[in-house]
Amino acid sequence: MSVAITYEKFGGPDVLQFTDTHPPVPGPGQVRIQVRAASVNPMDVKLRNGDLAKVFPAEFPVTPGMDAAGVVDALGEGVDHLDIGDEVFGPTATGAYAEHAIMRVAAPKPAEVSFELAAALVTVGEAAWRALAHLDLAEGATLLVHGAAGNVGSLAVQLARGRGINVIGSALAEHLDQVKAHGAQAVTAGTDLVAQVRALAPRGVDGVLDAAGAGVLPESVELTGDPAKVVTLADPRARELGVRFTGMTPQDRMYDCLPQLAERMAAGELVLPIWRVLPLAQVGEAHLAIEERRAEGKIILIP
């Protein structure tokens, strides 16, 4: 038998419960892992409380969790690029809050990257990489990142700076030093944003990545002069303004970037803070911290 966290109805953190289950069986092209670390994402909370039920209908019981890192312990038919005992990380097909999970995509984990960091990297790293790919900015271009102190935003800043892109990052006043530490110029979110940015980039910017969803798309379009130069990961008003909203369909994901992200993390080129590492039994506390916006970095669960 195996253990997983599940919920059988929408609700608060109290609907999360320990469940004895049979370990899932990998299908063709899949692998099963013994989970060593599972990442907690805001999406997990929104799925659990039913906020996204119209977009992602639930089939109860649900095992939450999108990202995991662990050790391969079973191979599906046709898998010849991995072996039993390999350390991998990636998105799961059966839920990450469990002792065992099926991997849809399993990227090799470098020895220099911990299981906790590898699990933390999956969703936020892929989102940052994907948004930059959609913007396709050249070296020397200027990028504005909203939410530049958050998990996705800070990785986007670091990746863009590594490509020779000039970055202006917006964040709350108390987080501006963090933005600057990653090599970006910083502006205060919510305070005369257009004027602040134009003071640093009088001709505007070449692209905008919105990782905050704080209602700044009109200002972003004004600063670029073209909605096609703006990408959001978080603002549902995007379509009204002609802005690309990326990440709502599996086909839009770019998980083939995971090995490159892990290599850069192993080389010390990417920093991703982990706020708490908690045992699986404290899953409710993890969800509550995200709901209350107390988490300053990633939260990791250990089975």
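For the structure itself, consult the block above.
Residues numbered from 1 in each chain as written. Predicted model: local features only at pLDDT ≥ 70, side-chain atom pairs only at ≥ 80, totals over all residues. Heavy atoms only, no water.

**Student:** How would you sum up helix α3 (residues 151–162)? Please name residues and give values.
**Tutor:** Between its first and last C-alpha atoms α3 spans 17 Å; for twelve residues at 1.5 Å apiece the expected length is 16 Å, and the two agree. Most of α3 is tucked away, with nine of its twelve residues classed as buried. Here α3 has its buried residues at Val152, Gly153, Ser154, Leu155, Ala156, Val157, Gln158, Leu159 and Ala160. Buried residues belonging to α3 abut α2 (115–135), β8 (142–146), β9 (166–171), α4 (176–181), β11 (207–210) and α8 (258–266). Positive backbone phi, approximately 80°, marks Gly164, located one or two places after α3. (Helix = DSSP H or I, 4+ residues; strand = E, 2+ residues; numbered from the N terminus. Expected span 1.5 Å × (residues − 1). Buried < 20%, exposed > 50% of the residue type's maximum accessible area, 1.4 Å probe, protein only. Contact = heavy atoms within 4.5 Å.)

**Student:** Which residues make up the packing of aromatic side chains, and what values do they have?
**Tutor:** Going through the model one piece at a time under the given rule, you end up with two aromatic pairs. Relative to Phe60, the ring of Phe10 has its centre 5.1 Å away and its plane inclined at 70°; by these criteria the two rings are edge-to-face. With Phe10 in the loop between β1 (2–6) and β2 (17–21) and Phe60 in the loop between α1 (42–48) and β4 (67–75), the pair connects residues that are 50 residues apart, well separated along the chain. A relative accessible area of 38% means that Phe60 is categorised as partly exposed. Its guanidinium or amino end placed over the ring of Phe115, Lys109 lies 4.6 Å from that ring's centre, counting from NZ or CZ. Positioned above the aromatic ring of Trp129 is the side chain of Arg163, whose terminal nitrogen or guanidinium carbon lies 4.9 Å from the ring centre. (Phe/Tyr/Trp six-rings, centres within 6.5 Å; stacked < 30°, edge-to-face > 60°. Lys NZ or Arg CZ within 6 Å of the ring centre and 35° of its normal.)

**Student:** Report on the nonpolar core, specifying residues and quantitative values.
**Tutor:** In this structure, Phe89, Leu143, Leu209 and Leu261 are the most contacted members of the largest nonpolar core, which totals 47 residues. Ranked by residue count, the leading element in this core is α2, at 13 residues. Val15, Ala38, Ala96 and Ala106 belong to the second-largest nonpolar core, a separate cluster that totals 29 residues. (Core = buried A, V, L, I, M, F, W, Y, C linked by side-chain atoms within 4.5 Å.)

**Student:** Summarise the sheet that holds β11; cite the residues concerned and give the values.
**Tutor:** If you trace the six strands from one edge of the open sheet to the other, you get β10-β9-β8-β11-β12-β13, paired in parallel fashion. Sheet topology places β10 (185–188) and β13 (244–245) at the edges, where each strand pairs with a single neighbour. In this sheet, β10 lies alongside β9 in parallel orientation, the contact comprising four bridges. When the sheet's bridge partners are listed, Ile168 is paired in β10 with Gln185. Sitting on the sheet, α2 is in contact with β8, β11, β12 (230–232) and β13, with an inclination near 155° to β11. In this fold α3 packs onto β8, β9 and β11, with an angle of close to 165° to the strand it touches most, β9. (Pairing = 2+ DSSP bridges. Axes fitted to C-alpha atoms, helices over the stretch in contact; angles between N-to-C directions.)

**Student:** Tell me about the side chain of Arg32, and please be specific about residues and values.
**Tutor:** In this structure, Arg32 sits in strand β3 (residues 31–40). Here the side chain of Arg32 touches Pro24 through a polar contact of 3.0 Å, landing on its backbone oxygen. (Polar contact = N/O pair within 3.5 Å; in protein donor to acceptor, adjacent residues only side chain to side chain.)

**Student:** Tell me about the pairing of β4, and name the residues and values.
**Tutor:** Burial analysis of β4 places seven of its nine residues in the buried class, which makes it a mostly covered element. The pairing of β3 with β4 spans eight bridges and is classified as antiparallel. Bridged to Val31 within β4 is Leu75. Sheet topology places β4 next to strand β5 (residues 87–91); five bridges connect them, and they run antiparallel. Across the sheet, Val71 pairs through a bridge with Glu87, a residue of β5.

**Student:** So, unusual backbone geometry: which residues are in play, and what are the values?
**Tutor:** Looking along the chain, the bond that leaves Phe60 and enters Pro61 is cis, with omega of -5°. Checked against the element boundaries, Pro61 lands in the loop between α1 and β4. At Asp192, a residue that is not glycine, the phi angle is positive and equals roughly 45°. With respect to the helices, strands and loops of the structure, Asp192 is situated in the loop between β10 and α5 (193–200). You will see that Arg293, though not glycine, has its phi angle at about 55°, which is positive. Counting through the fold element by element, Arg293 comes out in the loop between α9 (283–291) and β15 (298–302).

**Student:** Account for the pattern of salt bridges, with residues named and values stated.
**Tutor:** By the definition in use, this model includes seven salt bridges. Arg130 is paired through a salt bridge with Glu126; the nearest N and O atoms lie 2.7 Å apart. In this pair, Arg130 and Glu126 both sit in helix α2, four residues apart, roughly one turn of the helix. For Glu240, the salt bridge is made with Arg237, and the minimal N-O distance between the two is 3.6 Å. One network of salt bridges, in which partners are shared, links Glu126, Arg130 and Arg253. (Salt bridge = Lys/Arg side-chain N within 4 Å of Asp/Glu carboxyl O.)

**Student:** Run through the side chain of Ser170, naming residues and quoting values.
**Tutor:** In this structure, Ser170 sits in strand β9. With a relative accessible area of 3%, Ser170 lands in the buried category. Those residues in contact with Ser170 that lie beyond four places of it in its chain are Val145, His146, Gly147, Ala148, Val187, Ala189 and Leu193.

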